[in-house]
Amino acid sequence: MLKSLLSCALLLPTALALAQTPPVMGQGPGYHDPRSAFKPLEERPGVLSWSLLSQVTARVEKKKLIPSFPAEVQALHQKTVKVQGFMMPLEPGDKQQRFLLSSVPTSCPFCVPAGPEGLVEVHTRQPVRYTLEAITVEGRLAVLQDDPYGLYYRLTEGSPAR
């Protein structure tokens with residue numbers, strides 16, 4: 001009994017510190033566990049940066065999250081851009097025409113690795129083969145003000161790019 005009480009007393013400060021730590025999920029271009037071997041994608045010239053896309057903020061209005069995009073992001077609406085990221089298929093199959101592109105790779109099949117600021121819904125003209133490696137796609141970017149799925153970005157007329 002004393003051993004159990006002592007263990008609890010020793011663990012209590014750690015538990016309290018963890019409970020007071022603010023969550024980092026949904027902030028920035030995706031969460032990277034410092035112990036992970038994964039390194040964030042390097043920014044490339046001519047490819048839209050996740051650090052820019054993640055500058056969106058959100059406010060609650062009538063029980064809904066309303067995104068607020070900086071002018072630099074709003075200026076990208078309906079422009080042709082290149083985005084790099086990791087495929088998250090939305091349907092079964094080795095080729096995808098509609099998928100999510102994430103700023104970070106998926107770590108589990110039931111988890112979304114990033115918040116809406118770290119995801120782009122992609123619709124391609126031709127199917128793209130699924131891969132675990134980062135890919136780059138080019139297409140017309142829509143900056144979404146009121147998406148029913150809570151997404152902030154959608155790329156249409158997409159095709160693989162370098």
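Scope of this entry: the structure provided in the associated data block.

## Here's the deal with the nonpolar core
Then step 1. By size, the foremost hydrophobic cluster in this structure holds 23 residues, and its most contacted members are Leu48, Phe99, Leu101, Val120, Leu141 and Tyr153.
Then step 2. For this core, the secondary structure elements donating two or more residues are helix 2 (50-53), strand 3 (79-89), strand 4 (95-102), strand 5 (119-129), strand 6 (135-143) and strand 7 (153-161).
Then step 3. The biggest single contributor to this core is strand 6, with four residues.
Then step 4. In this structure, Leu48 is in contact with Leu53, Leu76, Val81, Lys82, Val83 and Leu141, ignoring residues within four places of it in sequence.
Then step 5. With six residues, the next largest nonpolar core counts Met88, Leu100, Ala142 and Leu151 among its residues.

## A short note on the environment of Val56
Then step 1. Within the secondary structure, Val56 is located in the loop between helix 2 and strand 1 (57-61).
Then step 2. Sequence spacing of Val56 and Tyr152 is 96 residues, and the spatial spacing of their C-alpha atoms is 8.6 Å.

## Remarks on the sheet that holds strand 5
Where strands meet in a sheet, backbone hydrogen bonds hold them as pairs that are either parallel or antiparallel.
Then step 1. With mixed pairing, the five strands of this closed barrel are ordered in space as 3-4-5-7-6. Sheet twist, expressed as the average angle between the axes of neighbouring strands with direction ignored, equals 45°.
Then step 2. Relative to strand 7, strand 5 runs parallel, the two being bridged by three bridges. Within the sheet, the bridge partner assigned to Val122 lies in strand 7 and is Leu155.

## Re the packing of aromatic side chains
Then step 1. Per the counting criterion, the structure on display carries three aromatic pairs.
Then step 2. Between the aromatic rings of Phe69 and Tyr152, the centroid separation amounts to 5.9 Å while the plane-to-plane angle is 90°, which identifies the pairing as edge-to-face. One end of the pair, Phe69, is in the loop between strand 2 (64-68) and helix 3 (71-74); the other, Tyr152, is in the loop between strand 6 and strand 7, with 83 residues separating them in the sequence.
Then step 3. Phe69 sits in the buried class, given a relative accessible area of 4%.
Then step 4. Residue classification places Tyr152 among the buried residues on the basis of a relative accessible area of 7%.
Then step 5. Of the aromatic side chains, those joined through ring pairs into one cluster are Phe69, Tyr152 and Tyr153.

## Quick look at the pattern of salt bridges
Then step 1. Scanning the model with the defined rule gives eight salt bridges in all.
Then step 2. With a shortest N-O distance of 2.4 Å, Asp146 and Lys64 are connected by a salt bridge. Here Lys64 lies in strand 2 and Asp146 lies in the loop between strand 6 and strand 7, a separation of 82 residues in the sequence.
Then step 3. Where Glu157 meets Arg125, a salt bridge forms, and the shortest distance between an N and an O atom there is 3.8 Å. One end of the pair, Glu157, is in strand 7; the other, Arg125, is in strand 5, and 32 residues separate them in sequence.
Then step 4. Under the relative-accessibility criterion, Arg125 is labelled exposed at 52%.

## Focus: the pairing of strand 7
Then step 1. Bridge count between strand 6 and strand 7: seven bridges; the pairing is antiparallel. Bridge pairing in strand 7 links Val137 to Pro160.

Quick notes on the rules
- Residues numbered from 1 in each chain as written.
- Predicted model: local features only at pLDDT ≥ 70, side-chain atom pairs only at ≥ 80, totals over all residues.
- Heavy atoms only, no water.
- Core = buried A, V, L, I, M, F, W, Y, C linked by side-chain atoms within 4.5 Å.
- Buried < 20%, exposed > 50% of the residue type's maximum accessible area, 1.4 Å probe, protein only.
- Helix = DSSP H or I, 4+ residues; strand = E, 2+ residues; numbered from the N terminus.
- Contact = heavy atoms within 4.5 Å.
- Pairing = 2+ DSSP bridges.
- Axes fitted to C-alpha atoms, helices over the stretch in contact; angles between N-to-C directions.
- Phe/Tyr/Trp six-rings, centres within 6.5 Å; stacked < 30°, edge-to-face > 60°.
- Salt bridge = Lys/Arg side-chain N within 4 Å of Asp/Glu carboxyl O.

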